[in-house]
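# A look at the structure
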Amino acid sequence: MSFLQRDAVLAQGSYYAATAPELASLPPLQGAVSADVVIVGGGLAGLSAALDLAERGHQVVLLEAQTLGHAASGRNGGHALHGLACDIALVQQQLGDEAARSVWAMTIEALALLRTRIERHHIDCDWQGGYLNLATSPAKAHALWEWADALERLTGDALPRIATDEVRQWIASPRFHGGLRDPRCGHLHPLKYLRGLARAARAAGVQIHEYSPALGWVPQGGGVRVSTARGHVRAGQLLLAGSGHLHAYAPAMAHATVGIAMGAAGSDVALETADVALMGDDLTRLPFVIGLSRSTNRIIRQNLYVSLGVVAVLLPATIFGLGIGPAVLAHEGSTLIVVFNALRLLGYRDR
Ligand SMILES: Cc1cc2nc3c(=O)[nH]c(=O)nc-3n(C[C@H](O)[C@H](O)[C@H](O)COP(=O)(O)OP(=O)(O)OC[C@H]3O[C@@H](n4cnc5c(N)ncnc54)[C@H](O)[C@@H]3O)c2cc1C
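What this report covers is the structure whose coordinates are included nearby.

Scoring rules and cut-offs
Once a new chain begins, its residue numbering starts again from 1 and follows that chain's sequence as written. For a predicted model such as this one, the threshold for reporting local features is a pLDDT of at least 70, and the threshold for listing and counting side-chain atom pairs is 80 or more; totals across whole chains, interfaces and linings nevertheless cover every residue. Water and hydrogen atoms play no part in the side-chain values, which are based on all heavy atoms of the structure. Salt bridges are defined as contacts in which a side-chain nitrogen from Lys or Arg sits within 4 Å of a carboxyl oxygen from Asp or Glu. Helix and strand labels come from DSSP, where a helix needs a run of H or I of at least four residues and a strand needs a run of E of at least two; each type is numbered from the N terminus. Three labels apply to residues, based on accessible area from a 1.4 Å probe with only protein chains included: buried if under 20% of the type maximum, exposed if over 50%, partly exposed otherwise in between. Pairing of aromatic side chains here covers Phe, Tyr and the six-membered ring of Trp, requires ring centres within 6.5 Å, and sorts the geometry by plane angle: under 30 degrees stacked, over 60 edge-to-face, intermediate tilted. Any two strands between which DSSP finds at least two bridges are classified as paired. Here a residue-residue contact requires only that any non-hydrogen atoms of the pair lie within 4.5 Å. Helix axes use the C-alpha atoms of the stretch in contact, all axes being lines fitted to C-alpha atoms, and the angles between their N-to-C directions lie in the range 0 to 180 degrees.

Evaluation of the coordinates by the stated rule reveals 8 salt bridges. Linking Glu119 and Arg115 is a salt bridge whose minimum nitrogen-to-oxygen distance equals 3.8 Å. One end of the pair, Glu119, and the other, Arg115, are both in helix α5 (residues 97-120), 4 residues apart, so they sit about a helical turn from each other. Residue Arg115 is classed as partly exposed on the basis of its relative accessible area, which comes to 30%. When the shortest N-O distance is used, the salt bridge between Lys192 and Asp126 registers 3.0 Å.

This part takes up the packing of aromatic side chains. The full count for this structure, using the stated rule, is 2 aromatic pairs. Each ring, one from Tyr15 and one from Tyr16, has its centre 5.5 Å from the other, and the planes form 70°; the classification is edge-to-face. Under the relative-accessibility criterion, Tyr16 is labelled buried at 16%. Note on Trp104 and Trp147: the rings are 6.4 Å apart at their centroids and 70° apart in plane angle, and the pair reads as edge-to-face. Taken as a pair, Trp104 in helix α5 and Trp147 in helix α6 (residues 138-155) lie far apart in primary sequence, 43 residues in all. A residue is classified by how much of its surface remains accessible, and Trp147, at 24% relative accessible area, is partly exposed.

This next bit is on the sheet that holds strand β8 (residues 186-187). Across the sheet, 3 strands lie side by side as β3-β8-β4; this open sheet has antiparallel pairing. Where the open sheet ends on each side, the last strands, each with one partner, are β3 (79-80) and β4 (128-129). Note that β3 and β8 share 2 bridges and pair antiparallel. Across the sheet, residue His79 finds its bridge partner in β8, namely His187.

With antiparallel pairing, 3 strands are arranged side by side in an open sheet as β5-β7-β6. Lying at the two open borders of the sheet, with one neighbouring strand each, are β5 (132-134) and β6 (161-162). Of the strand pairs in this sheet, β5 and strand β7 (residues 179-181) are connected by 3 bridges, and their pairing is antiparallel. Bridged to Leu134 within β7 is Gly179. Packing of α6 onto the sheet brings it into contact with β5, β6 and β7, and relative to β7 it is tilted by some 45°.

Written as structure tokens, this is what we have:
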């Protein structure tokens, strides 16, 4: 069974789809249209970027191969947390203190952006604020507090500690021996949030087409032309936000992107997604990969900073993409922007 077939099975009848208000179906692309930016992918990265760009006054067309949010963005765990999928210590080790501080700060900024969007666009997505990180043994509690001390030394961010005798104030269970909490984090219904973003993007003028897989792109007249089965978009800039699925729909496009592997610990699906992101790529072309699995970490070491001639500095995705605009790599002098789920637009320059 192919990746897309397996994914289609996973996508059927999710809890989130059963409990989110419907979003009216958006027609496939027919014929020729033009825009300032064409975005490929209607997950959180694509929709966040579309909304950001439209709010800055750009004309945006977004192409989604299936329905908005049918992939991970509409059926993930809904946890909106500080930090990356991997420990910040790994980032520090591999990129240095300054970059690790920036990454952490972006993840905190991302949480604020998420809340701002929910409020500004009145997105009813069952937001529950607050996050406890609890230890199941005294030794683990000490390890957690040591981790928090190291984080504070690095970033100045002091996460509130929960002492052993305070645990019951937070959770009525005898199993835990202390921990940390972060009121900035929280939980939401991912599909309700995504559909709220889509409504906001449409209200801001974004033209969205579902069931419109982008099949390829060619440079044209200082811009790009992106083709689907029944039409094409001409735009000044192209933004790829197709995640691991891009490879399945448009292998040639996927080769233009930068792989990023982020896996939640113990999650086969996430690791599989990470593998898909890497699958088929010539690894020497991947400038930046972040991940949790042993094999991925090995790949990080092998590929870090291998340059594609890309000009903008890349800092990686965070809180798994929730509420976050994408990080962008821009080819100097060309129109290609490569994007994946990350914090915010970096290096995007208005023309
Ligand atoms: C099991 C699981 C649990 C997770 N839990 C959490 C969590 O609790 N908290 C958290 O923050 N993150 C979580 N994540 C991660 C999070 O869901 C992803 O990081 C995020 O959704 C990625 O968003 P995206 O827009 O980059 O990609 P996607 O959601 O994969 O969206 C990409 C979209 O692009 C479309 N596409 C691809 N190619 C084309 C093409 N050629 N033409 C048109 N469209 C195309 C696809 O159809 C798809 O809709 C989880 C992920 C998984 C797998």
